[in-house]
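Structure assessment
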Amino acid sequence: MDSLVAVEKEIDKALDLFENFYDGVDQNLNKAIDHLVSIINDLTKIESEQTFKLSADDSISMCKEQVRELIKHYSDKHKDLHANISKIGKAIDKNFVADYGNMSHVNLIDTVEKKMHLNEAICEHLLRSGHLEVCDTLVEEAGLVKKIDEDKKRPFVQMNYILNKLKEKDVSPALEWCQINCKELKAISSNLEFKLHRLRFIQLIQQGPKAQLEVLKYSRNFTQFANDCHKEIQRLMGSLIYLNSGLENSPYSCYLGAELWEEIEEEFTKNACKLMDLPVECPLDVCINTGCRALPALVNIVQVMQQTQCGHILSKDELPIEIDVGQNYRFHSVFSCPILRQQTTDSNPPMRLICGHVISKDALTKLNNSGKNRIKCPYCPMEQAPGEAKQMLF
Amino acid sequence: MDDMKIIEHSTLKVPYEHLNKLYRNVHKTIDRDCSSINQSMNQIDKLAKSADLGQKSELVASLSSLVEKLHQVKKRSIEMRNQEKDLIEILKKRVNNLKDHSSSDLATRKLFFKNRLDRILIDYFLRNSYYLSAESLAEKARLKQMTNIDVFLIEKEICESLENRETQRCLNWCIENKSKLKKINSNLEFTLRQQEFIELVREQKCLEAVHHARKYFVNLNPDQLVDVQKSMVLLAYVKCSDSLCNQELLSDSRWTYLIGLFKQENYKINQIPEQSALETILQSGLSALKTPTCYQKVTAVLNHNCPVCNPNFNQIAKPLPFAYCSNSKLIDAYTGEAINEHNQPMMLPNGHVYGYNSLVKLMSENDGKIRCPRSKETFEYGEVQKVFIL
């Protein structure tokens, strides 16, 4: 934040100075023009030879001085302004990192195939954010016509339509969708439909006593959820007491918050993606968010490592530092062998010893170096044969 | 250091460079105007010193023309004032826009990140010549002022002319940016002249080619001299295009090389980084998310949400390093919950591991027996063994 403040300071300074400079120039020019015009007027009126010669000489020399001053001011002062402009540039260079701090090492997208994959990922992002025309233009320009066809687009188009309607507080398209996919939603034990009905119910209550009959009729929709959500239904029906006086000053005022609407959009997206076997959050978004989180730490490391000349961090097998991506972005288990401090892989899986402790297969082999048929667990006095260890699958 | 400092350098540097360029042009104009005013003034001075009544009208006429000149200078100065002011304002607007990155309001921050991704995409589109997509997205997201589309549109024109085998536009650009290209020791102008020479030889206009060489191949450094010698060979073997050296010089790939070189120099003098922001950020992100599980065949656990497992990114992330993990971080393969001291790991007889909470869930769904979600075998709770992860 202070980096921006520093740059802004220089910019404001420059703006001020430019303003003053040009105001001065304007003034000088106006003065010179006026002076010249008056000289012209005077000279035109003069008829006598003598006066003419004197007057001409006098006024022209005065004018010459003035014009000389003007030119000097114009050129020199503008030159001075350069210092302020370059100060802006220096502020930018000081407060920001140029060239991504030498992070760009690998040419990530080096084949036509990889470019196509990236473009496809970008198309998915565009579809999810509702930029359908941009996606179409990109498909044409990048030559993806075969890959992104109507079938791929349809689910996103539909999802965006329902989400837009939810943003306008209209739950009917969402409810329709729920009813069509009722069975699948039940399989993932989702209560999306109930929540949608709840929102509509609250909308109707807010219409006041005139909607009384409609509210009661609508509450019939809750019967199918009687078993799963009976507590919540009881609360909702209780709020009817405040039909006349409004919910704002009642214990049920929490129903009026905007969070319920934001929550329903998220819930709908989650359920829809689960049903269609799609990732909940756009993969491109996840990558970019993680990347932005990781960049500062990685740039720091690159700066340090440059002095030791070990090669670029992105050309190694593993990153040199740990990046905390947050619990939301942990998609796979990672087991790090406590002995060898390596991640386990297909060829080096985690093994559970009889005592319950877990080490990697390589570590197990190392423990068995002496050739005897008994190994002792590194963490407890339990002994066992190496073959008794069981491979684990996280 | 936060991510904004790393990503947004060129967002501010590019309009700054434009400002610099404009400033230089303005100063040239000012110098020109000043010297012309000086000239007129000196003329009038000379005239006045030796004038008599008869030359009154002449004197008055030159005075009036000086007044006219001053009016024009005034008009120009107002124009230049506005131009310089506009560019500084653009810089200020961008700085203000970037302030949203640290806004205390969550909604503003979210919108900033969304806009940032759109800007990054527009930059990627422009670098790959998807000009229509870039303009369309810039319009829809109302981001035109924050992007550097104008630089790329100029680049587009020159690249198109190079693709049509015309060198003039590019040469004009080189002349315009002569001082900056000299600072970075650019080879572009020389390479363009060399290509013109090759084209003349290709059309068998050998005499013209020699004239061309005499005119332009002067003040060469040792590397360029070697290139010139190679090109001169063409003159001798004009009809015989079999030799390897000639083929290389006559091939179309030289034009592709020229286009690439031009783009490279264009980015350098405009302070635009060579690699796109998208690729740089993707590298870091994919690397930080990459686990061995994403590339395994035996123990792979499908997680639709993992971007690295996504078929598109899986190929792209192959050459990148894995994320570093000092302590084990386990998640349940059935529910995605974290496995830790509150949700202890338990191993089924088939080797699969789940968290305690998942086992409870599985038992409630299957009459007290545990049905492994991956292998579909059923086990009793008694068969489950505890696992200790350190």
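We now turn to the structure provided with this report. Note that residues are indexed from 1 along each chain, following the sequence as it is written. In the order they appear in the text, chains get letters beginning with A and ligands get numbers beginning with 1. Owing to the predicted nature of the model, reporting of local features is limited to residues with pLDDT of at least 70; listing and counting of side-chain atom pairs is limited to 80 or more, with chain, interface and lining totals taken over all residues. To obtain the side-chain values, all non-hydrogen atoms of the structure were included, while hydrogens and water were left out.

Thoughts on the overall build of chain B
The helix and strand tally for chain B stands at 16 helices and seven strands. For chain B, the C-alpha radius of gyration of 34 Å lies well beyond 21 Å, the compact-globule estimate for 390 residues. Taken along its principal axes, the extent of the C-alpha atoms in chain B is 125 × 65 × 35 Å. A total of 390 residues make up chain B; the buried ones form 50% of that total. Residue pairs at least 24 apart in sequence account for 57% of intrachain contacts in chain B once pairs closer than 6 positions are excluded. Carbon and sulfur atoms make up 50% of the accessible area of chain B, which totals about 19100 Å². Charge-centre separation for chain B: the mean point of 55 positive side chains lies 3 Å from the mean point of 48 negative side chains. A run of H or I in DSSP counts as a helix once it spans at least four residues, and a run of E counts as a strand once it spans at least two, with each numbered from the N terminus. We compute the radius of gyration from the C-alpha atoms alone; for a globule the expected value is 2.2 Å times N to the 0.38, where N is the number of residues. Categorising residues by exposure relies on relative accessible area from a 1.4 Å probe, with only protein chains included: less than 20% of the type maximum marks a residue as buried, more than 50% marks it as exposed, and the intermediate range marks it as partly exposed. In this description, contact between two residues means that some pair of their heavy atoms is separated by no more than 4.5 Å. Note on areas: these come from Shrake-Rupley sampling with a 1.4 Å probe, and a residue is covered only by the protein chains present in the view. Counting rule applied: Lys, Arg positive; Asp, Glu negative; His and chain ends not counted. Positions of charges follow a simple convention, taking NZ of Lys, CZ of Arg, CG of Asp or CD of Glu.

Let's talk about the pattern of salt bridges
Side-chain pairing between opposite charges can occur once the charged atoms of the two side chains come close. One speaks of a salt bridge when a side-chain nitrogen belonging to Lys or Arg is within 4 Å of a carboxyl oxygen belonging to Asp or Glu. For the coordinates displayed, the defined rule picks out 33 salt bridges over all chains. The salt bridge involving Asp110 of chain A is made with Lys114 of chain A; its shortest N-O contact spans 3.5 Å. For Asp110 of chain A, a relative accessible area of 48% puts it in the partly exposed group. A relative accessible area of 15% means that Lys114 of chain A is categorised as buried. The partner of Arg169 of chain B in a salt bridge is Glu157 of chain B, and the shortest N-O contact between them spans 3.7 Å. Taken together, the positions of Arg169 of chain B in helix H7 (residues 168-176) and Glu157 of chain B in helix H6 (residues 149-163) put the pair 12 residues apart, joining distant regions of the chain.

Structural notes on the sheet that holds strand S7 (residues 385-386) of chain B
All names here are of chain B. Pairing between two strands requires that DSSP report at least two bridges joining them. An order of S4-S3-S7 is seen for the three strands of this open sheet, with the pairing classed as antiparallel. Of all the strands in the sheet, the pair left with one neighbour each is strand S4 (353-355) and S7. Bridge count between strand S3 (residues 345-347) and S7: two bridges; the pairing is antiparallel. Considered in S7, the bridge of Met346 is made with Lys386. Lines fitted to the C-alpha atoms define the axes, with helices restricted to the stretch that makes contact. Angles between their N-to-C directions range from 0 to 180 degrees. Sheet strands in contact with helix H16 (residues 356-365) are S3 and S4, and its direction is about 90 degrees off that of S4.

Considering the nonpolar core
Grouped together as the largest cluster of nonpolar side chains are 109 residues, with contacts concentrated most on Ile122 of chain A together with Phe125 and Leu278 of chain B. No other element matches helix H12 (residues 283-306) of chain A, which puts 11 residues into this core. Within the second largest apolar cluster, 61 residues are counted, among which are Leu29 and Ile46 of chain A together with Val26 and Ile30 of chain B. Put simply, a nonpolar core is a bunch of buried Ala, Val, Leu, Ile, Met, Phe, Trp, Tyr and Cys residues held in one set by side-chain atoms that sit within 4.5 Å of each other.

A look at the sheet that holds strand S5 (residues 390-391) of chain A
Backbone hydrogen bonds hold the strands of a sheet together, and the pairing may be parallel or antiparallel. Taking strand neighbours across the sheet as the criterion, the three strands line up as S2-S1-S5 (chain A) in an open arrangement whose pairing is antiparallel. Either end of the sheet is taken by a strand with one partner, and the two such strands are strand S2 (358-360) and S5 of chain A.

Topic: the layout of surface pockets
All names here are of chain B. The space that makes up the second largest pocket amounts to roughly 590 Å³. Method remark: on a 1 Å grid restricted to protein atoms, a set of points is classed as a cavity if a 1.4 Å probe fits but cannot get out and as a pocket if it is open with protein on both sides within 12 Å along at least five of seven lines; lining residues have an atom within 4 Å of a point. In terms of lining, the second largest pocket is formed by 17 residues, of which the most central are Ser186, Glu189, Phe190, Asn219 and Gln224. For the lining of the second largest pocket, the secondary structure elements donating two or more residues are helix H8 (178-183), helix H9 (188-202) and helix H10 (206-216). Basically, the charged four are Asp, Glu, Lys and Arg, the nonpolar ten are Ala, Val, Leu, Ile, Met, Phe, Trp, Tyr, Cys and Pro, and anything else, Gly included, counts as polar. In terms of residue class, the lining of the second largest pocket is made up of six nonpolar, six polar and five charged. Grid points are joined across faces, edges and corners, and a volume is the space filled by probe spheres set on the points.

Focus on the state of the cysteines
In what follows, a disulfide is any cysteine sulfur pair within 2.5 Å. For the structure on display, the rule yields zero disulfides over all chains. Cys63 of chain A takes part in no disulfide bond, and the closest cysteine sulfur to it belongs to Cys34 of chain B, at a distance of 15 Å. On the accessibility criterion, Cys63 of chain A (1% relative accessible area) is buried. Its sulfur unpaired, Cys182 of chain A is 8.5 Å from the next cysteine sulfur, which belongs to Cys178 of chain A. We classify Cys182 of chain A as partly exposed; its relative accessible area is 37%.

Brief notes about H7 of chain B
Residues and elements named next belong to chain B. Along H7, the residues classified as buried are Cys170, Leu171, Trp173 and Cys174. Buried residues of H7, viewed axially, fall in a sector of 160 degrees; they line one side. On the buried face of H7, the contacting elements are H6, H8, H9 and helix H13 (253-269). As used here, the arc belongs to the directions running from the helix axis to the C-beta atoms.

Topic: a positive patch on the surface
By definition, no residue in a patch forms a salt bridge, and every one has over 30% relative accessible area; like charges are joined within 9 Å, nonpolar side chains (Val, Leu, Ile, Met, Phe, Trp, Tyr) within 5 Å. Taken together, the side chains of Arg24, Lys28, Arg32 and Lys183 of chain B define a basic patch exposed on the protein surface. In terms of residues, the positive patch owes the most to one element, helix H2 (residues 9-49) of chain B, which gives three residues.

Notes on helix H6 (residues 172-180) of chain A
Restricting attention to buried positions, one finds in H6 of chain A the residues Pro173, Ala174, Leu175, Trp177 and Cys178 of chain A. For H6 of chain A, the elements touching its buried residues are helix H5 (150-167), helix H7 (182-187), helix H8 (192-206), helix H9 (212-219) and helix H11 (259-275) of chain A.

Thoughts on the interface of chain B and chain A
In this complex, chain B contributes 138 residues to the contact, which on the side of chain A involves 136 residues. For any pair of parts, buried area is found by adding up, for both, the accessible area (1.4 Å probe) each one loses once the two are put together. Carbon and sulfur atoms make up 67% of the surface buried where chain B meets chain A, a total of about 13100 Å² over both sides. At the boundary of chain B and chain A, one finds eight salt bridges. Ionic pairing is found between Arg81 of chain B and Asp23 of chain A, a salt bridge with its closest N-O pair at 2.9 Å. Polar contact is defined as a pair of N or O atoms within 3.5 Å, subject to the rule that within protein one atom must be able to donate a hydrogen and the other to accept it, and that residues adjacent in sequence are counted only when both atoms are side-chain atoms. Our count for the chain B to chain A interface comes out at 47 residue pairs in polar contact (both at pLDDT 80 or more). In terms of residue count, the dominant contributor to the side of chain B that touches chain A is helix H3 (residues 56-98) of chain B (23 residues). Grouping the constituent residues of the side of chain B that touches chain A by class yields 73 nonpolar, 38 polar and 27 charged.

Here's the deal with the side chain of His197 of chain A
Relative to the assigned elements, His197 of chain A resides in helix H8. If we skip the residues at most four places from it in the chain, His197 of chain A touches Leu175, Tyr218, Asn221, Phe222, Gln224 and Phe225 of chain A.

Considering the packing of helix H5 (residues 131-140) of chain B against H6 of chain B
A pair of packed helices is captured by two measures, namely the crossing angle of their axes and the spacing between those axes. All names here are of chain B. Relative orientation of the contacting elements H5 and H6 amounts to 160 degrees, with a least axis distance of 12 Å. Relative to H6, the element H5 is oriented roughly antiparallel. For the element pair H5 and H6, the recorded crossing hand is left-handed. In contact with Tyr131, Glu135 and Ala138 of H5, H6 contributes Ile149, Phe152, Leu153, Glu155 and Lys156. Residue classes in the contact of H5 with H6 are distributed as five nonpolar, no polar and three charged. Roughly parallel here means an angle under 35 degrees, roughly antiparallel means over 145, roughly perpendicular means 65 to 115, and every remaining angle is called oblique. Each crossing gets its hand from how the near helix is turned against the far one by less than a right angle, where anticlockwise is left-handed and clockwise is right-handed.

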